[in-house]
Amino acid sequence: MVDMSRLPVVSVHVLRIMQPTHSKQALTCRTLMGCGIFICALLALSGCSTFSSKSNASKVVQFKQDTTVGTEDVSIAAVGLVGVPYVYGGNTPKGGFDCSGLIVYVYNKAAGIRLPRTIQLMSARGRSIENQPPAPGDLLFFNTTGEKYSHAGIYVGQGRFVHAPSAGGTVRLEQIENPYWAARFTEARRFTP
C-alpha cells in the first residue's frame, strides 16, 4: 500500500481513486479513469490560463532585442528611484511617487521632456513603436483596470521596466515577461526632446 502522507497534495485525489477495491480489475479501471480525468482537467486549465495572453505574447517577444535611441538617461534616472515609497499623488523622491508622478518626474529631470500628469493623456503623446524593439527610456503602457491605458512604466532594457505599482509598495524593477505584466501590456511609446 502507498503511504499517502509522503505524496504531494495534488496527487492525493488521484490516489484516493486508486485505493484497493474487491477486485484488481476494478482497481485498474478506476485508476485509469481517475488519471484520465485528472490529465484532461490539467490540460483544460492550462489552456484557459494562456488563452487570453496569446495576443500579447508576440508583443512581448520583441523585448529580447535591446536597441538604443539616445534616451538611456531616462532609464538610468528611473532605476535610481527604485525603492522610493508609493504615495498616491506623489511626484518627488522625498514625497514619494505614484505611477504617473514617477514618469513625469523622470522624463522632466533626465531629458527635459514635459509630460502630462495622467497615463491617459501620456498615451496620446510621443509615437508608438509597434513592430520595433523597445529602447531604454521608452514608456510601456498596461491595461490593469479594464482601460487600455491605465498603468505605465519606464523601459530600462533587458526586458525590465521601472514603475510605481500601488499603495503600500515602492518604486520597483519588474520583468515584462512576468505573466501578469505580459498579459496586460498594451504598447510602447517613444518620447524624444
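Source: prediction; values computed, not measured.

Undergrad: Please explain the sheet that holds strand β5 (residues 151-157) as it appears in this structure.
TA: Across a sheet, strands are paired by hydrogen bonds formed along the backbone, either parallel or antiparallel in direction. Taking strand neighbours across the sheet as the criterion, the 6 strands line up as β3-β8-β4-β5-β6-β7 in an open arrangement whose pairing is antiparallel. The outermost strands of the open sheet, each flanked by one partner alone, are β3 (127-128) and β7 (172-175). Pairing between strand β6 (residues 160-163) and β7: 4 bridges, direction antiparallel. Across the sheet, the residue bridging to F161 is E174, located in β7. In the packing of helix α5 (residues 99-111) onto the sheet, contacts are made with β4 (139-142), β5 and β6, and the angle to β5 comes to roughly 45°.

Undergrad: Mind showing me how you'd approach the nonpolar core here?
TA: Grouped together as the largest cluster of nonpolar side chains are 25 residues, with contacts concentrated most on L102, I103, Y107, I119, L139 and I154. For this core, the elements supplying multiple residues, two or more each, are α4 (72-79), α5, α6 (119-122), β4 and β5. When residues in this core are grouped by element, the largest group, 5 residues, is from α5. Leaving out residues up to four positions away in the same chain, L139 has contacts with I103, Y107, M122, A152, G153, I154, E187, A188, R189 and F191. With 9 residues, the next largest nonpolar core counts I129, L140, I176 and F185 among its residues.

Rules of the game
- Residues numbered from 1 in each chain as written.
- Predicted model: local features only at pLDDT ≥ 70, side-chain atom pairs only at ≥ 80, totals over all residues.
- Heavy atoms only, no water.
- Pairing = 2+ DSSP bridges.
- Helix = DSSP H or I, 4+ residues; strand = E, 2+ residues; numbered from the N terminus.
- Contact = heavy atoms within 4.5 Å.
- Axes fitted to C-alpha atoms, helices over the stretch in contact; angles between N-to-C directions.
- Core = buried A, V, L, I, M, F, W, Y, C linked by side-chain atoms within 4.5 Å.
- Buried < 20%, exposed > 50% of the residue type's maximum accessible area, 1.4 Å probe, protein only.

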